[in-house]
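Report on the structure
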Amino acid sequence: MKKLLASLPENIDKNVLVGFDTSDDAGVYRLNDEQALVFTADFITPPVDDPYLFGQIAAANSLSDIYAMGGKPLTCLNLAGFPADKLDPEILTGIISGALQKITESGAVLLGGHTTDNDEPIFGLTVTGMVHPEKIWRNSGAQPGDQLILTKALGSGVLFNANLKKLVSVKALGECLDSLIVLNKTAAEVFANFEIHAATDITGFGFAGHALEMLSGPDLSFNITGCDSNHERRQEKCTNAESQPESIKLIGLWSKIIGVLLKAAPRHSRN
Amino acid sequence: MLDPQTSGGLLVAVPEAQTQPILKALHDAGVTASAQIGSVSNFSESKLCFS
């Protein structure tokens, strides 16, 4: 995607404050000295079978990009793909109802959307938000000495994959889902009261991918010192699942991949 | 570390002096999973260092 975007001509409109030339979470367009619009679009395949819950998760996921830019969501449009010939239309109603609940909680409104026929359900939102042009949170901007704060536990990807093999307890899965439907609204509102240097949200590229995006420009390192008990707990849940050896094997493999990734970031590629 | 997250949390770089006040405010606001998970330094060895 980076290669594709690099081949496109640059935006020449000076009101484009954040465009596709950086790895930021959303685009930002300046309206005046006080206001800029924030734009994002995202959709996902269902991580769960329950339609309402899927809608809630997909909406929280889409809205998150606005919060990660320091903005407030204003309006949303549904983006839906649905196999109408295979699934009951009530399922789509459930998905949209779940999304609407989260949109309403965010303070935004749903204006409409578009649904297309697709082999499997996909759902997400385009979201438009508002931010002050001088208070945009970018991916870049971290400085030596800064501390890194993460507001949700990691591990949902591992957990969902393990769950496909019935390796996760109902309780652990429930706690994970409870976390996924929490909007990043409150966290963003808290951060807005303080000076912050850089921000992103952790989604499809995983922790390492998004952390590397924050490091794409400056000559910096992130020193990950570990996690407190909250963040370790989910990993323990996975490794404590009924079939320990396989889960542990998976996590061991990922640790090795991380090692490879780190070695694949030579000094000359830093910029 | 590498697994894709759906609807994950915010990862924010903050000045060191603000860290504890921010964490307290996050916890007080109910964002109880918030934690300090590392720090930023000038480049050393690799972009992501784990300890």
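Everything discussed here concerns the structure shown above.
Residues numbered from 1 in each chain as written. Chains lettered and ligands numbered in written order. Predicted model: local features only at pLDDT ≥ 70, side-chain atom pairs only at ≥ 80, totals over all residues. Heavy atoms only, no water.

1. Digging into the overall build of chain B
The helix and strand tally for chain B stands at one helix and three strands. The N-to-C order of helical and strand elements in chain B reads β-α-β-β. The C-alpha atoms of chain B give a radius of gyration of 13 Å, which is well past the 10 Å a tight globule of 51 residues would have. Judged by the C-alpha coordinates and their principal axes, chain B covers about 35 × 30 × 15 Å. Every one of the 51 residues in chain B was classed for burial, and the buried ones make up 57%. Accessible area of chain B: about 2000 Å², with a carbon and sulfur share of 52%. (Helix = DSSP H or I, 4+ residues; strand = E, 2+ residues; numbered from the N terminus. Rg over C-alpha atoms; globule rule 2.2 N^0.38 Å. Buried < 20%, exposed > 50% of the residue type's maximum accessible area, 1.4 Å probe, protein only. Areas by Shrake-Rupley, 256 points an atom, 1.4 Å probe, with all protein chains shown as cover.)

2. Topic: the overall build of chain A
When you go through chain A residue by residue, the secondary structure sums to nine helices and nine strands. Buried residues in chain A amount to 46% of all 271 residues. The long-range fraction of contacts in chain A, counting pairs at least 24 apart against all pairs at least 6 apart in sequence, stands at 75%. Counting every atom, chain A has about 13500 Å² of accessible surface; 56% of that belongs to carbon and sulfur. (Contact = heavy atoms within 4.5 Å.)

3. A look at the interface of chain B and chain A
Contacts between the two partners involve 44 residues from chain B and, on the opposite side, 69 residues from chain A. Between chain B and chain A, the buried area comes to about 5900 Å², and carbon and sulfur atoms account for 61% of it. When the buried surface of chain B facing chain A is broken down by residue, Leu 10, Leu 11 and Lys 47 of chain B rank first, second and third, together holding 15% of it. The tally of links from chain B across to chain A stands at zero salt bridges. Every element with two or more residues in the side of chain B that touches chain A is listed here: β1 (10-14), α1 (16-28), β2 (35-42) and β3 (48-50) of chain B. (Buried area = accessible area lost by both parts, 1.4 Å probe. Salt bridge = Lys/Arg side-chain N within 4 Å of Asp/Glu carboxyl O.)

4. Things to note about the nonpolar core
Of all hydrophobic cores here, the largest spans 58 residues; its most connected members are Val 28, Ile 57, Phe 123, Leu 125 and Phe 191 of chain A together with Leu 26 of chain B. Here this core gets 10 residues from one element, more than from any other, and that element is helix α2 (residues 51-68) of chain A. (Core = buried A, V, L, I, M, F, W, Y, C linked by side-chain atoms within 4.5 Å.)

5. Side note on the pattern of salt bridges
Pairing of side chains with opposite charge becomes possible as their charged atoms draw close. Across all of its chains, the model carries five salt bridges over all chains by this definition. For Asp 33 of chain A, the salt bridge identified is with Arg 30 of chain A, shortest N-O distance 2.4 Å. In this structure Arg 30 of chain A comes out as partly exposed when scored by relative accessible area, which is 25%. With a closest N to O distance of 2.7 Å, Lys 24 of chain B and Asp 28 of chain B form a salt bridge.

6. Section: the sheet that holds strand β5 (residues 109-117) of chain A
Residue and element names in this part refer to chain A. Pairing is mixed in the open sheet, where six strands are placed in the order β1-β2-β3-β6-β4-β5. The two strands at the open ends of the sheet, each matched to only one other strand, are β1 (16-18) and β5. The mean inter-strand angle of the sheet, taken between neighbouring strand axes irrespective of direction, is 20°. Relative to strand β2 (residues 27-30), β1 is paired through two bridges, and the arrangement is antiparallel. Bridge pairing in β2 places Val 18 opposite Val 28. Contacting β3 (36-44), β4 (72-82) and β6 (122-131), α2 runs over the sheet at an angle of about 30° to β6. (Pairing = 2+ DSSP bridges. Axes fitted to C-alpha atoms, helices over the stretch in contact; angles between N-to-C directions.)

7. Focus: α1 of chain B
Residues and elements named next belong to chain B. For α1, which comprises 13 residues, the first-to-last C-alpha distance of 19 Å matches the rise-based estimate of 18 Å (1.5 Å per residue) to within 8%. Looking only at α1, the buried set comprises Gln 18, Thr 19, Ile 22, Leu 23 and Leu 26. In the segment just after α1, Gly 30 is the residue with positive phi, at about 100°. (Expected span 1.5 Å × (residues − 1).)

8. Section: the pairing of strand β8 (residues 198-201) of chain A
Burial of the side chains of β8 of chain A extends over both faces: Ala 198 and Thr 200 of chain A are buried on one face and Ala 199 and Asp 201 of chain A on the other. Relative to β1 of chain B, β8 of chain A runs antiparallel, the two being bridged by four bridges. Paired with Thr 200 of chain A across the two strands is Leu 11 of chain B, which belongs to β1 of chain B.

9. What about the packing of aromatic side chains?
All names here are of chain A. Considering all chains together, one arrives at one aromatic pair over all chains under this definition. Seen in terms of ring centroids, Phe 54 and Phe 123 are 6.5 Å apart; in terms of plane orientation they differ by 70°. Their pairing is edge-to-face. Taken together, the positions of Phe 54 in helix α2 and Phe 123 in strand β6 put the pair 69 residues apart, joining distant regions of the chain. (Phe/Tyr/Trp six-rings, centres within 6.5 Å; stacked < 30°, edge-to-face > 60°.)

10. Here we look at the layout of surface pockets
Residue and element names in this part refer to chain A. Of the pockets and cavities examined, the largest pocket occupies roughly 1300 Å³. Mapped by element, the contributors of at least two residues to the lining of the largest pocket are α1 (2-6), β3, α2, α4 (156-164), α5 (170-180) and α7 (206-214). For the lining of the largest pocket, a count of residues per class yields 17 nonpolar, 15 polar and nine charged. (1 Å grid on protein atoms, 1.4 Å probe; cavity = no way out; pocket = protein on both sides within 12 Å on 5 of 7 lines; lining within 4 Å. Points joined across faces, edges and corners; volume = space filled by probe spheres on them. Nonpolar A, V, L, I, M, F, W, Y, C, P; charged D, E, K, R; others polar.)

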